[in-house]
Amino acid sequence: MADARCVIPIVGFTQSFNISVAAAIALYHAQRDRLARRGRHGDLSPEWKATLRAVFYLRSVQKAGVLLWERLQRSSK
């Protein structure tokens, strides 16, 4: 029932990798492939970083909307 199958060639006397080593190898090569195709890391712009940080704060703080509204009210006076 897997979506895909991945084969990692093994050189030497090792017969298999544990799951953490196999995942690390696969992720390393996926990152290297992406970097080679895009020519850069593909980092977010400063505006997107700030937007995502704000969304995180709004979702992780109880009554964030109320606190933000009160803060905006105080700063506008």
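Quantities reported herein were computed from a predicted structural model and do not represent experimental measurements. (Residues numbered from 1 in each chain as written. Predicted model: local features only at pLDDT ≥ 70, side-chain atom pairs only at ≥ 80, totals over all residues. Heavy atoms only, no water.)

**Focus: a nonpolar patch on the surface**
Our working definition: Like-charged residues within 9 Å of one another, or nonpolar side chains (Val, Leu, Ile, Met, Phe, Trp, Tyr) within 5 Å, are grouped into patches, provided each residue has over 30% relative accessible area and no salt bridge. Computed by Shrake-Rupley with a 1.4 Å probe, the accessible areas treat only the displayed protein chains as cover when residues are assessed. A pairing counts as a salt bridge when a side-chain nitrogen of Lys or Arg comes within 4 Å of a carboxyl oxygen of Asp or Glu. Each helix is a run of DSSP H or I of at least 4 residues and each strand a run of E of at least 2, with the numbering of both proceeding from the N terminus. Partly exposed describes any residue whose relative accessible area lies between the buried limit of under 20% and the exposed limit of over 50%, with all areas from a 1.4 Å probe on protein chains only and scaled to the type maximum.
A surface patch of nonpolar side chains, about 420 Å² in accessible area, is lined by Leu 58, Leu 68, Trp 69 and Leu 72. Positionally, Leu 72 belongs in helix H3 (residues 64-75). For Leu 72, a relative accessible area of 45% gives the class partly exposed.

**Side note on the environment of Pro 46**
Its location among the elements puts Pro 46 in helix H2 (residues 46-60). Under the relative-accessibility criterion, Pro 46 is labelled exposed at 63%. Considering only alpha carbons, one finds Pro 46 and Ile 8, 38 residues apart in sequence, at a separation of 37 Å.

**As for the environment of Val 55**
With respect to the secondary-structure elements, Val 55 resides in helix H2. When its relative accessible area of 34% is taken as the criterion, Val 55 is described as partly exposed. When the C-alpha positions of Val 55 and Gly 12 are compared, they lie 48 Å apart, and in sequence the two are 43 residues distant.

**Quick look at the environment of Lys 77**
On the secondary structure map, Lys 77 appears in the segment after H3. Along the sequence, Lys 77 and Phe 17 sit 60 residues apart, while their C-alpha atoms lie 63 Å from each other.

**Some details on unusual backbone geometry**
Despite not being glycine, Lys 63 has its phi angle at roughly 55 degrees, a positive value. When you line up the elements, Lys 63 lands in the loop between H2 and H3.

Nothing here speaks to function; it is all geometry.
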